[in-house]
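# Notes for the structure review
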Amino acid sequence: MAAGAATGAAQAARRREQRGWYFYDWAISVYSTSVLTVFLGPYLTSVAKAAADAEGFVHPLGLPVRAGSFFAYTVSASLLLSVLAMPAAGALVDRTGRKKPLLGCCAYTGAAATTGLFFLDGDRYLLGGALLIVANASFVVAMMLYNSYLPQIADPDERDAVSSRGWAFGYAAGSLVLVVDLALYAGHETVGVSEGTAVRICLATAGLWWGGFALIPLRRLRDRPATGGSAGSGAGRHQLRETLRDMRRHPLTLAFLLAYLVYNDGIQTVITQASVFGSEELGLDQTTLIVAVLLVQVLAAAGALLMGRLARTHGARRTILGSLVAWTLTIAAGYFLPARAPVWFFALAAGIGLVLGGSQALSRSLFSHLIPRGKEAEYFSAYEMSDRGVSWLGPLVFGMAYQLTGSYRDAIVSLVGFFALGFVLLARVPVRRAIAAAGNPVPDRI
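Reference entry: report on the structure contained in this document. Remember, it's a predicted structure, so these values are computed and weren't measured experimentally. (Residues numbered from 1 in each chain as written. Predicted model: local features only at pLDDT ≥ 70, side-chain atom pairs only at ≥ 80, totals over all residues. Heavy atoms only, no water.)

This next bit is on the state of the cysteines. The full count for this structure, using the stated rule, is zero disulfides. No disulfide involves cysteine 105; its nearest neighbouring cysteine sulfur is the one of cysteine 106, lying 5.6 Å away. (Disulfide = S-S within 2.5 Å.)

As structure tokens, then:
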């Protein structure tokens with residue numbers, strides 16, 4: 001009886017910790033949706049244009065930069081900073097076991113910088129760029145630390161479901177806040193504020209939401225004693241080299257990361273370029289595009305839960321492979337969409353939403369099985385770099401296809417190759433052998 005009571009108490013504690021973990025996705029996804037995807041890019045670009053000289057250039061650090069490129073360059077700078085910071089942060093928490101304090105530091109640094117975007121007005125483009133770099137780098141490092149909790153708070157057979165619920169929580173929060181933001185933005189005159197002030201309120205409330213709800217996971221998650229980790233103490237580029245050297249001892253884990261890098265590059269490019277395709281090729285207005293983003297958010301939450309259920313019976317690997325087939329068919333269908341027909345664009349958005357959350361959630365849970373014990377944060381730093389830090393080839397292919405053909409239809413269909421190649425690479429990974437090689441127990445279905 002005592003043993004049964006102890007087991008029940010341990011399960012209850014794990015469930016409580018999992019529920020707290022879900023709330024970090026709830027907290028942080030609003031930044032990703034409202035700030036990065038919808039509002040900050042156009043607004044910061046308008047601020048940079050207000051500060052530009054007669055030729056349309058701004059001069060951060062004395063360098064001539066077209067005002068229209070400032071946002072993109074700033075995002076790139078933040079990702080470069082995060083690529084240098086993640087391996088060092090991952091190795092540090094794996095050695096010390098002090099993951100929660102660093103997660104809290106990143107969360108509140110990012111939340112404070114995001115809230116500070118309320119003061120982005122006039123020609124303060126340098127303030128906006130600096131706050132974006134701090135917020136986005138904090139966001140990426142925090143996501144790496146958050147993801148690395150998954151193998152610690154969930155048993156192997158429940159990770160697909162736990163990961164899927166986390167993504168669903170995030171997309172649900174993004175949808176909820178985006179509805180409120182769009183109501184404020186569309187009705188700003190009714191509430192007596194300018195359009196710019198409405199945008200700044202939306203940006204700042206995303207930071208307040210992030211910081212407020214981050215309290216829940218920070219109260220419920222707990223640190224574990226260090227069980228290994230990298231012995232080195234280097235930072236930045238040196239630690240990245242050490243992490244990659246260690247990963248070479250697990251070539252099957254690297255094989256999965258390669259497959260993920262390829263198909264995720266396609267996913268990230270669709271996310272960033274779909275609005276360009278809709279506006280430039282299909283002639284759709286901004287309202288239609290924003291409604292499509294909201295539709296993707298809502299269906300991605302449902303899709304994550306649905307694919308989590310499919311993984312219970314078919315395994316995560318087979319479900320991801322099925323999602324890549326669905327991605328291929330959906331993007332290929334985009335080539336044939338008629339212009340100025342919002343209903344068909346919404347159908348494309350629905351197809352993307354249904355596979356978006358699930359393919360991301362199950363990729364995260366599957367990778368968690370391939371990590372040697374005690375190196376969760378360090379390995380998830382490499383995963384996060386595959387997710388955000390090196391997704392440059394897809395946009396390059398998209399841009400080159402448009403440059404060569406002058407057609408965004410040809411550009412969007414060029415992304416089919418990423419999903420097809422990702423399917424082939426993932427199908428060749430012997431997942432059960434990879435899990436065993438990492439020293440982890442193999443779930444019944446994987």
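Moving on from the model shown.
Right, let's get into the environment of phenylalanine 346. In this structure, phenylalanine 346 sits in helix H13 (residues 342-368). With 21 residues separating them along the chain, phenylalanine 346 and phenylalanine 367 place their C-alpha atoms 32 Å apart. (Helix = DSSP H or I, 4+ residues; strand = E, 2+ residues; numbered from the N terminus.)

What follows is about helix H17 (residues 416-427). With 12 residues, H17 extends 17 Å between its outermost C-alpha atoms, agreeing within 8% with the 16 Å of an ideal straight helix rising 1.5 Å per residue. Within H17, burial applies to Val416, Phe418, Phe419, Gly422 and Leu426. The arc that holds every buried residue of H17, seen down its axis, measures 165°, which confines them to one face. Among the structural elements, helix H10 (251-281), helix H12 (316-334), helix H15 (393-405) and helix H16 (408-413) are those in contact with the buried residues of H17. (Expected span 1.5 Å × (residues − 1). Buried < 20%, exposed > 50% of the residue type's maximum accessible area, 1.4 Å probe, protein only. Arc of directions from axis to C-beta. Contact = heavy atoms within 4.5 Å.)

What follows deals with the pattern of salt bridges. The full count for this structure, using the stated rule, is nine salt bridges. When the shortest N-O distance is used, the salt bridge between glutamate 158 and arginine 14 registers 2.9 Å. Here glutamate 158 is found in the loop between helix H5 (150-153) and helix H6 (159-186), whereas its partner arginine 14 is found in helix H1 (residues 2-51), with 144 residues between them in sequence. Note on glutamate 158: relative accessible area 14%, which makes it buried. Here glutamate 158 makes a salt bridge to arginine 15, at a shortest N to O gap of 3.1 Å. Of this pair, glutamate 158 sits in the loop between H5 and H6 while arginine 15 sits in helix H1; the two residues are 143 residues apart in sequence, bridging distant segments of the chain. Relative accessible area serves as the criterion here: at 35%, arginine 15 is assigned to the partly exposed category. Through salt bridges with shared partners, one network takes in Arg14, Arg15, Asp155 and Glu158. (Salt bridge = Lys/Arg side-chain N within 4 Å of Asp/Glu carboxyl O.)

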